[in-house]
Amino acid sequence: MTRTRSLAPALALAGLLATSAAASAQEKFTFALNWFAVGDHAAYWVALDKGYYKAKGLDVTLENSKGSGDSIAKVDTGRADAGLADAAVVIASAARGTTVKVVGMVFDKTPLNIFSLKSKPLTKPKDLEGATLGAPPGDSQRQLFPAFAKLNGIDASKVTWVNIEPAAKIAAVAEKRMDGVGDYSTGLPLYEKAAGKGNVALMKWADFGFDMYSMSIIASAKTMKERPQVLKAFLEASYMGWRDVMADPAAAMVILKKRVPELDVEVMTPNMLLGLDLMKTDGYAKNGIGSIDDKKMCDSVDLVNTYMGLPKKVECKDIYSKDFYTLVQMPKN
């Protein structure tokens, strides 16, 4: 009996050490969002909440950013291990020497768009001449505007861009501080809440010849070289999160609200559903959530090379890698 009692402290210590070892084995991984938390990001909190990252040995931190340019800078300089960014901004950044690559897609269709009020609508490209538009410098619509302008014959010198914070975009339109702002079409519910349902106009770039790859998951050369298995595990767990969002959006929103208490469920639920509409494609159904189509990616690179006036031509093979992708099928429903 005495001998059994003497073993108890040793066993307890062994258990404590084993727990500590398991905790220390969790790889820290910082993921830079492209904006503040919105419905488009539900999958990453779902993966956190359901333990998908933890099960793969990852201790994931989600961090806000101020547009694609900002998230790319974080990943490229090692302040984040991976991030979200618009693919076209990634392509343009490669011409300036960044080491980031697209390693998986999010939206299979582009949500690039200009919001305005229907009382003074900007609904076709030529409407932008003489207009004042707002966006952060790193915002994808702003960085890609030279390409959109050339493609549609817009005199870019007649368009004035104003620097504003991401969170200020909605008020800038609703309060008529400027004529329009660049923002993803998935943000419509936020703008209608501020300006009134039916009072907001959209100019979807895909309607004017600019349908190319958009929101993507990116990683730096350093992450890809030094932590390939960690990156692969992160991607798979993230797409498992997206699978669950598709299967049960309402449950996903409950998790997102729990993780981000300040989130407005009434607005972010339709925001999330609009994002899902950009993902429910034949390509994803056939090849898996977030899969990259080689032709569409190279067509996207060609579009940026042709219209954005890059300092040097970008080669398609330098923009993306499929080495870290693991197939996660869309839910049956």
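Conventions and cut-offs
- For every chain, the first residue of the written sequence is number 1, and numbering continues from 1 onward in sequence order.
- Given that this is a predicted model, residues contribute local features only at a pLDDT of at least 70 and side-chain atom pairs are listed and counted only at 80 or more, while totals for whole chains, interfaces and linings are drawn from all residues.
- In computing side-chain properties, one takes all heavy atoms of the structure into account and sets aside hydrogens as well as water.
- Counting from the N terminus, the helices are the DSSP runs of H or I reaching at least four residues and the strands are the DSSP runs of E reaching at least two.
- Note that the radius of gyration is over C-alpha atoms, with the globule rule given as 2.2 Å times the number of residues to the power 0.38.
- Any residue under 20% of the maximum accessible area for its type is buried, any over 50% is exposed, and the rest in between are partly exposed; the area is computed with a 1.4 Å probe on protein chains only.
- Contacts are residue-level and defined by heavy atoms, with any inter-residue pair within 4.5 Å sufficient.
- For the accessible areas, the method is Shrake-Rupley and the probe is 1.4 Å, while residue cover comes only from the protein chains on display.
- As used throughout, the charge tally considers Lys and Arg to be positive and Asp and Glu to be negative, leaving His and the chain termini uncounted.
- For this purpose, a charge sits on NZ of Lys, CZ of Arg, CG of Asp or CD of Glu.
- Whether two strands pair depends on DSSP finding at least two bridges between them.
- Only the contacting stretch of a helix is used when fitting its axis, a line to C-alpha atoms as for every element, and angles between N-to-C directions run 0 to 180 degrees.
- Within 6.5 Å between ring centres, the rings of Phe, Tyr and Trp (the latter by its six-membered ring) count as paired, and their orientation is classed by plane angle as stacked under 30 degrees, edge-to-face over 60, tilted in between.
- Consider the ring centre and the ring normal. A charge sits over the ring if Lys NZ or Arg CZ is within 6 Å of that centre and within 35 degrees of that normal.
- Counted as a polar contact is a pair of N or O atoms within 3.5 Å, where, for protein atoms, one must be capable of donating a hydrogen and the other of accepting one, and residues adjacent in sequence contribute only when both atoms are in side chains.
- Convention used here: angles under 35 degrees read as roughly parallel, angles over 145 as roughly antiparallel, angles from 65 to 115 as roughly perpendicular, and any remaining angle as oblique.
- Handedness of a crossing is defined here by the sense of rotation of the near helix relative to the far one, left-handed for an anticlockwise turn of less than a right angle and right-handed for a clockwise turn.
- Cavities and pockets are found on a 1 Å grid laid over the protein atoms alone: a cavity is a set of points where a 1.4 Å probe fits but cannot escape, a pocket is an open set with protein on both sides within 12 Å along at least five of seven lines, and a lining residue has an atom within 4 Å of such a point.
- Grid points are joined across faces, edges and corners, and a volume is the space filled by probe spheres set on the points.
- For this classification, the nonpolar set comprises Ala, Val, Leu, Ile, Met, Phe, Trp, Tyr, Cys and Pro, the charged set comprises Asp, Glu, Lys and Arg, and every other residue, Gly included, is treated as polar.
- By convention in this document, the label disulfide applies to cysteine sulfur atom pairs within 2.5 Å.

Chemist: Before we move on, can you summarise the overall build of the protein with the specific residues and values?
Modeler: Check the secondary structure of the protein and you find 14 helices and ten strands. Whereas a compact globule of 333 residues would reach a radius of gyration of roughly 20 Å, the protein reaches 22 Å, a difference of no more than 12%. With respect to the three principal axes, the spread of C-alpha positions in the protein is 90 × 45 × 40 Å. Here the protein holds 333 residues, and 52% of them are scored as buried. Considering only residue pairs separated by 6 or more positions, the protein has 81% of its internal contacts joining residues 24 or more positions apart. For the protein, the accessible area works out to roughly 14700 Å², and carbon and sulfur atoms hold 54% of it. On the protein, the mean spot of the 42 positive side-chain charges and the mean spot of the 37 negative ones are 4 Å from each other.

Chemist: Give a description of the environment of A88 that names residues and reports values.
Modeler: Tracing the chain through its elements places A88 in helix α5 (residues 87-94). Residues A88 and Q143 lie 55 residues apart in sequence; the distance between their C-alpha atoms is 8.7 Å. Not counting residues up to four positions away in its chain, the partners in contact with A88 are L144, M212, Y213 and V304.

Chemist: So what about the sheet that holds strand β3 (residues 82-86)? Which residues, and what values?
Modeler: Taken in spatial order, the five strands make up an open sheet running β2-β1-β3-β10-β4, and their pairing is mixed. Where the open sheet ends on each side, the last strands, each with one partner, are β2 (58-63) and β4 (101-105). Adjacent strand axes in the sheet meet at a mean angle of 30° when their direction is disregarded.

Chemist: Quick one: what's the story with the packing of aromatic side chains, residue by residue and with numbers?
Modeler: Taken as a whole and assessed by the stated rule, the structure comprises 13 aromatic pairs. When the ring of F148 is compared with that of W205, the centres are 4.2 Å apart and the planes differ by 10°; the resulting orientation is stacked. Placement of F148 in helix α6 (residues 140-151) and of W205 in the loop between β9 (200-204) and β10 (215-219) is noted, with a sequence separation of 57 residues between them. A relative accessible area of 0% means that W205 is categorised as buried. A connected cluster of aromatic rings, assembled from ring pairs, spans F29, F31, Y44, Y53, F234 and W242. When the ring centre of W35 is taken as reference, the NZ or CZ atom of K169 above it lies at 5.4 Å.

Chemist: Lay out the side chain of D244 in plain terms, naming residues and giving numbers.
Modeler: Here D244 is to be found in helix α10 (residues 228-247). Of note is the side chain of D244, whose polar atom sits 2.5 Å from the side chain of Y52. Dropping the residues within four chain positions of it, D244 is found in contact with V46, K50 and Y52.

Chemist: Just give me the short version of the packing of helix α4 (residues 68-76) against α5, but keep the residues and values in it.
Modeler: Two elements in contact, α4 and α5, have axes whose closest approach is 10 Å; the angle formed by their N-to-C orientations is 55°. With respect to each other, α4 and α5 are oriented oblique. Taken as a pair, α4 and α5 cross one another with a handedness that is right-handed. On α5, the residues touching S68, G69 and I72 of α4 are V89, V90 and S93.

Chemist: Just give me the short version of the side chain of N271, but keep the residues and values in it.
Modeler: By the element assignment, N271 lies in helix α12 (residues 265-277). For N271, a relative accessible area of 2% puts it in the buried group. At 2.7 Å, the side chain of N271 and the backbone nitrogen of G39 are in polar contact. When near neighbours in sequence (up to four residues on either side) are disregarded, N271 contacts V38, G39, D40, T186, G187, P189 and L190.

Chemist: Go over empty space enclosed by the protein with me, naming the residues and quoting the values.
Modeler: Following the criterion strictly, the structure yields two cavities of 30 Å³ or more and no others. Approximately 180 Å³ is the volume attributed to the largest cavity. When the residues that make up the lining of the largest cavity are grouped by side-chain class, the tally is four nonpolar, nine polar and four charged. Taken together, N34, D40, H41, Y44, L84, V106, F107, Y184 and M215 make up the full set of residues lining the second largest cavity.

Chemist: Go over the state of the cysteines, please, and point to the residues and values.
Modeler: Under the criterion given, the structure shown has one disulfide. Bridging C298 to C316, the disulfide has an S-S length of 2.1 Å. Note on the C298 and C316 pair: the S-S dihedral is about -90°, so by sign convention the disulfide is left-handed. Separated by 18 residues along the polypeptide, C298 in helix α14 (residues 294-307) and C316 in the segment after α14 bring together distant segments of the chain. When its relative accessible area of 26% is taken as the criterion, C298 is described as partly exposed.

Chemist: Lay out the sheet that holds β9 with the relevant residues and their values.
Modeler: Spatial strand order, β7-β6-β8-β5-β9: five strands in an open sheet with mixed pairing. The open sheet has two edge strands with one neighbour each: β7 (160-162) and β9. For this sheet, the mean inter-axis angle between neighbouring strands, taken without regard to orientation, is 30°. Relative to β7, strand β6 (residues 132-134) is paired through three bridges, and the arrangement is parallel. Considered in β7, the bridge of G134 is made with V162. Sitting on the sheet, α6 is in contact with β5 (113-117), β7, β8 (180-182) and β9, with an inclination near 170° to β7. Packing against the sheet, helix α8 (residues 188-195) makes contact with β5, β8 and β9, and its axis sits at approximately 155° to β9.

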